[in-house]
Amino acid sequence: MTEDERLPQPTTADIDLVTVLHALGDPVRMTLLLSYADGAEHSCAPRDLGLDHLHKSTVSHHMRVLREAGVTTTRVAGRNRFVSLRRTDLDARFPGLLDALLTGAPAAPAAPAGPAVSG
């Protein structure tokens, strides 16, 4: 695979801890991290990621933040985009960080909060 098949992302050496932690400080992006932790490539379809309650442009924004922070990589195949976790790069830069984040993360993504109902 050639480099021009990937969207722009920082090199391994340029991945910054503060930027990574800031990117993962959002619940939606943590949900994406949990999805990507299986090591597979994932389509960008919100439905496939369990984020069908969000608009496609919102999900794209969250994916861009993760990619620009160095957390994920995005492969372009025609009109399709496939995202995967940069686990090897992150483990090389920050040993144990992903394991700690994934271990401490909730087992299932939280559903969006609805209005409170009083009884």
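This one's a predicted model, so the numbers in the text were calculated from it and none came from an experiment.

About the cut-offs
Residues numbered from 1 in each chain as written. Predicted model: local features only at pLDDT ≥ 70, side-chain atom pairs only at ≥ 80, totals over all residues. Heavy atoms only, no water. Helix = DSSP H or I, 4+ residues; strand = E, 2+ residues; numbered from the N terminus. Buried < 20%, exposed > 50% of the residue type's maximum accessible area, 1.4 Å probe, protein only. Contact = heavy atoms within 4.5 Å. Areas by Shrake-Rupley, 256 points an atom, 1.4 Å probe, with all protein chains shown as cover. Salt bridge = Lys/Arg side-chain N within 4 Å of Asp/Glu carboxyl O. Core = buried A, V, L, I, M, F, W, Y, C linked by side-chain atoms within 4.5 Å. pLDDT = per-residue confidence, 0-100.

Novice: What am I meant to see in the overall build of the protein here?
Specialist: In terms of helices and strands, the protein carries 5 helices and 3 strands. Buried residues in the protein amount to 33% of all 119 residues. Restricting to contacts in the protein with at least 6 residues of sequence separation, those with at least 24 account for 63%. Counting only carbon and sulfur atoms, one obtains 55% of the accessible surface of the protein, whose full area is about 7,100 Å².

Novice: Before we go on, may I ask you to explain the pattern of salt bridges in this structure?
Specialist: Proximity of charged atoms lets side chains of opposite charge pair with each other. All chains considered together, the criterion is met by 6 salt bridges. Across the salt bridge formed by aspartate 48 and arginine 47, the nearest N and O atoms sit 3.6 Å from each other. Overall, arginine 47 belongs to the exposed group, its relative accessible area being 61%. Linking arginine 87 and aspartate 99 is a salt bridge whose minimum nitrogen-to-oxygen distance equals 2.3 Å. With a gap of 12 residues between them, arginine 87 in helix H4 (residues 87-93) and aspartate 99 in helix H5 (residues 97-104) connect regions that are remote in the sequence. Residues joined by salt bridges that share partners form a network here, namely Arg87, Asp91 and Asp99.

Novice: I'm lost on the nonpolar core in this one. Help?
Specialist: In terms of nonpolar packing, the biggest core is built from 25 residues, with Val20, Tyr36, Met63, Val71 and Leu90 touching the most fellow members. Contributing elements (two or more residues each) for this core: helix H1 (17-23), helix H2 (27-36), helix H3 (56-69), strand S3 (80-85) and H5.

Novice: For this particular structure, what's the right way to read the environment of leucine 34?
Specialist: Within the secondary structure layout, leucine 34 lies in helix H2. Assessed through its relative accessible area of 27%, leucine 34 is described here as partly exposed. Residues leucine 34 and alanine 105, 71 residues apart in the sequence, show an inter-C-alpha distance of 8.0 Å.

Novice: Help me understand the confidence of the model for the protein, please; the structure alone is not making it clear to me.
Specialist: Low pLDDT means the predicted atomic positions in that stretch should not be read closely. A residue-level look at the protein finds 85% of positions with pLDDT of 70 or above and a mean pLDDT of 87. In this model, residues 108-114 is a region of pLDDT below 50 whose contacts with residues beyond four sequence positions or in other chains number 2 contacts.

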